[in-house]
Amino acid sequence: MEACDSGTPEPAPGVPPGQVSVVVIGFDDAAHIADAVRSALAQGPAVAEVVAVDDASTDRTGPVLDELAAREPRLRVIHRTVNSGGCGAPRNDGLRVATAPYVMFLDSDDTLPEGAAAALLRAALRYDAPVAAGLCVRRELPSGRDTRWQPGLYRRAAVHRSPEHRPALLHDTLCVNKLYARAFLAEHGITFPEGPFIYEDFVFTARVLAALPRVATVPNTVYLWHVRRDAAAPSISLDRERVANWQARVRAHQRSVEVFREAGSEPLARAARVKFLDHDLRMYVRELPARGPGYRAEWWRVTRGHLGTYEEAELRAARPPARWIARVVLAADAPRDLDRLAQLAARPPRLLPPYATADGAPVWAPDLPGAPLDGLTGPAAVPIAHLPVAVDGELGAAAFPCRGPRAELRLRVHDLYGRLTADPPRTVDLTLRRRDGSATLRWNIPLTTEKTAEETAEEIPERTSEGAAEETPEGTAGEAAWTARAVLGLGALAVLGRRDGSGADPQSWDIRVQVRCASGDSFRTSVRATGALRRTAVPSPRFGLLLVRPHATAAGSLTLRLAPGMRSAAGIALRRLRRAVRRPGGAPR
């Protein structure tokens, strides 16, 4: 988008001016709210006004807005005298005074990318759609890592007659990556819940979709959601360490279902309940191993109570990992197998051993036959491409005088109820991709069949008690597996991954595999981190020093972290020191 001589962007082609009001809300966010407001004003003539609502801030948020308004006639500022305790009331305040035909919402610590308002407005006008939606990108700060939110909904431009014809729209519960016709909101009396209501956008979005509007979607990025994990006050979406957050999320979901039922849309109510299993339940289960005993017990109680309202047809409508997790929670009186549940909740999912059966059918555990794992075997079995196969990975680094620093990656592919024994894995395509997407490496390596415990025992002569063999780990006896080994040149990898020409930036490499079976079928997955995850310093002819660390993500997936050179190593040490200073006790970990 080119700028005029005056500095004001030219009108976007096909977009009339003065059509959009942008409501920006903020509380005690003087450091960021000016950037949010400027990003809204920079949308150009399509934006008639920006309405900024200061929710009774105690810092300089109000004065910052007033100073901006003194220079920018399109900015209007509302100062609330009493803090609302949530996001709903200030958004409603802005909505009430907005004057343009369409409205968008923006939080004080986020921004609108260039052309966002024009892209949404163009789609709304072209398709006569009272709601237009686009892609939201979560940007981790300060790393700058981007993750697309619900990308499947926004791969291409489309128009949907109503949400009942595209129930997947319910998966995007955000209110900020959308443009709404004010007349549509007014006609249906749609507002946000007020007061200290967490996840108010769940209910607002349900009210919007329950009115069955035509919805236009665009592939454009229309919202930048800034994720600041080191912020003094974490955002609602990140503040999940207290079980009250989960309780609030369940209540907001239940209220959303009520909204759909009150509107007479049972299909949307059922779709929302299935979405809860596929998204919300799995997200929080992934975090359970890191929570304390009190949190786990209360979470389990709340979740069992809610899941007890589900019919079997609703459980079956969810993806297999989600319904299996739900059945375990319903069948067990108290929290159990949390690490294994977290791995199943990961994306992609991994089902770890032991692989138990009851009456010949897969179940979660021998003592939990009431938690069947349907869809793994039998006539209704899912294809190999959708199996939650576990692939373990162990990474070790060393320096070789002639060849430089190397890392050995050992992979182990678990069988799953005989599915891979029937179609044995032959090769694995190994992919290392730098986290920022700047570089990718690929290898194809063969897989070899690992002997089972019984086969190994047959080859070992009978021993006396003095030389007794070690016991087989629980759950692995008789289990088929396949292994592979890859040697990675770390120096060359660090060179490929450099961003600024010096190779000094710390690098994170994600490890993914595609396992190819004898029939030609295959499945893709991440690698589960196993073995020691220790940082190793190895000499490097190119960088002098190379710090190498296998790392497990929050979902347990294996990544490789490299820090080439002394400058990079010093930066890591400094960041650890800063975290130690902020942490009670002050000791680095």
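Details of the overall build of the chain
Part 1 of the reasoning: A count of helices and strands for the chain gives 16 helices and 23 strands.
Part 2 of the reasoning: A total of 589 residues make up the chain; the buried ones form 51% of that total.
Part 3 of the reasoning: Within the chain, counting contacts between residues at least 6 apart in sequence, those at least 24 apart form 72% of the total.
Part 4 of the reasoning: Counting only carbon and sulfur atoms, one obtains 51% of the accessible surface of the chain, whose full area is about 27,100 Å².

A closer look at the pairing of strand 19 (residues 522-526)
On any regular strand, side chains alternate: one points to one face of the sheet, the next to the other face.
Part 1 of the reasoning: Extensive coverage of strand 19 is indicated by the burial of four of its five residues.
Part 2 of the reasoning: Strand direction decides the pairing type here: strand 18 (residues 507-517) and strand 19, joined by five bridges, are antiparallel. Looking at strand 19, one finds that R512 is bridged to S526.
Part 3 of the reasoning: Linkage of strand 18 to strand 19, two consecutive antiparallel strands, is achieved through a turn of four residues, within which G520 is found at a positive phi near 100°.

Quick look at the pairing of strand 5 (residues 131-140)
Part 1 of the reasoning: Counting buried positions along strand 5 gives nine out of ten residues, so the element sits mostly inside the fold.
Part 2 of the reasoning: Summarising the sheet, strand 5 and strand 8 (residues 178-181) pair through three bridges and their orientation is antiparallel. What sits directly across from A132, in strand 8, is L179.
Part 3 of the reasoning: Summarising the sheet, strand 5 and strand 6 (residues 146-149) pair through four bridges and their orientation is antiparallel. Each residue of the ladder has a partner; that of C136, found in strand 6, is W149.
Part 4 of the reasoning: Here strand 5 folds back onto strand 6 in antiparallel fashion, the turn holding five residues, of which G144 has a positive phi close to 80°.

Some words on the layout of surface pockets
Part 1 of the reasoning: Of the pockets and cavities examined, the second largest pocket occupies roughly 200 Å³.
Part 2 of the reasoning: Along the lines of polarity and charge, the residues of the lining of the second largest pocket split into six nonpolar, one polar and three charged.

What about helix 6 (residues 200-210)?
Part 1 of the reasoning: Taking burial as the measure, the eleven residues of helix 6 include ten buried ones, the bulk of the element.
Part 2 of the reasoning: Residues of helix 6 that are buried include every one of E200, D201, F202, V203, F204, T205, A206, V208, L209 and A210, and no others.

A short note on empty space enclosed by the protein
Part 1 of the reasoning: For the structure on display, the rule yields two cavities of 30 Å³ or more.
Part 2 of the reasoning: When its volume is computed, the largest cavity comes out at roughly 120 Å³.
Part 3 of the reasoning: In terms of lining residues, the largest cavity is bounded by L170, T173, F202, T205, A206, L209, H253, S256, F260, A272 and K275.
Part 4 of the reasoning: Mapped onto the lining of the largest cavity, the elements with two or more residues apiece are helix 6, helix 7 (243-262) and helix 8 (266-285).
Part 5 of the reasoning: The dominant element in the lining of the largest cavity, judged by the number of residues it contributes, is helix 6, at four residues.

As for the nonpolar core
Part 1 of the reasoning: Judged by nonpolar contacts, the single largest core of 86 residues is most densely connected at L277, W299, L351, W364, L411, V413 and L560.
Part 2 of the reasoning: No other element matches helix 8, which puts seven residues into this core.
Part 3 of the reasoning: Listed in part, the 68 residues of the second largest apolar core include V24, L41, F105 and F192.

Digging into the pattern of salt bridges
Part 1 of the reasoning: Scanning the entire structure with this criterion turns up 36 salt bridges.
Part 2 of the reasoning: Here R76 ties to E49 by a salt bridge, and the two come within 3.1 Å at their closest N and O atoms. Remark: E49 occurs in strand 2 (residues 47-54) and R76 occurs in strand 3 (residues 75-79); sequence separation between them is 27 residues.
Part 3 of the reasoning: One salt bridge in this structure joins R301 and E298, with 2.5 Å as the shortest N-O distance. Of this pair, R301 and E298 both sit in helix 9 (residues 293-307), separated by three residues, roughly a single helical turn.
Part 4 of the reasoning: Among the charged side chains, a network of salt bridges with common partners joins E312, R316, R323, R327 and D374.

Observations concerning the confidence of the model for the chain
Regions with low pLDDT carry predicted coordinates that are not meant to be interpreted in detail.
Part 1 of the reasoning: Summarising the model, the chain shows a mean pLDDT of 88, and 85% of its residues fall at 70 or more.
Part 2 of the reasoning: For the stretch residues 456-477, pLDDT sits under 50, and the model shows ten contacts to residues farther than four places along the chain or on other chains.
Part 3 of the reasoning: pLDDT under 50 marks residues 584-589. Its contacts with residues more than four places away, or in other chains, come to seven contacts.

Thoughts on the packing of helix 6 against helix 7
Part 1 of the reasoning: Running from N to C, helix 6 and helix 7 cross one another at 15°; their axes reach a closest spacing of 9 Å. As judged from the angle between their axes, helix 6 and helix 7 are roughly parallel. Helix-helix and strand crossings are classified by hand; for helix 6 and helix 7 the assignment is right-handed. Side by side, helix 6 and helix 7 meet where F202, V203, A206, R207, L209 and A210 of the first sit next to R249, A252, H253, R255, S256, V259 and F260 of the second.
Part 2 of the reasoning: When the residues that make up the contact of helix 6 with helix 7 are grouped by side-chain class, the tally is eight nonpolar, two polar and three charged.

Rules used in this analysis
- Residues numbered from 1 in each chain as written.
- Predicted model: local features only at pLDDT ≥ 70, side-chain atom pairs only at ≥ 80, totals over all residues.
- Heavy atoms only, no water.
- Helix = DSSP H or I, 4+ residues; strand = E, 2+ residues; numbered from the N terminus.
- Buried < 20%, exposed > 50% of the residue type's maximum accessible area, 1.4 Å probe, protein only.
- Contact = heavy atoms within 4.5 Å.
- Areas by Shrake-Rupley, 256 points an atom, 1.4 Å probe, with all protein chains shown as cover.
- Pairing = 2+ DSSP bridges.
- 1 Å grid on protein atoms, 1.4 Å probe; cavity = no way out; pocket = protein on both sides within 12 Å on 5 of 7 lines; lining within 4 Å.
- Points joined across faces, edges and corners; volume = space filled by probe spheres on them.
- Nonpolar A, V, L, I, M, F, W, Y, C, P; charged D, E, K, R; others polar.
- Core = buried A, V, L, I, M, F, W, Y, C linked by side-chain atoms within 4.5 Å.
- Salt bridge = Lys/Arg side-chain N within 4 Å of Asp/Glu carboxyl O.
- pLDDT = per-residue confidence, 0-100.
- Axes fitted to C-alpha atoms, helices over the stretch in contact; angles between N-to-C directions.
- Parallel < 35°, antiparallel > 145°, perpendicular 65-115°, else oblique.
- Left-handed = near helix turned anticlockwise from the far one by under 90°.

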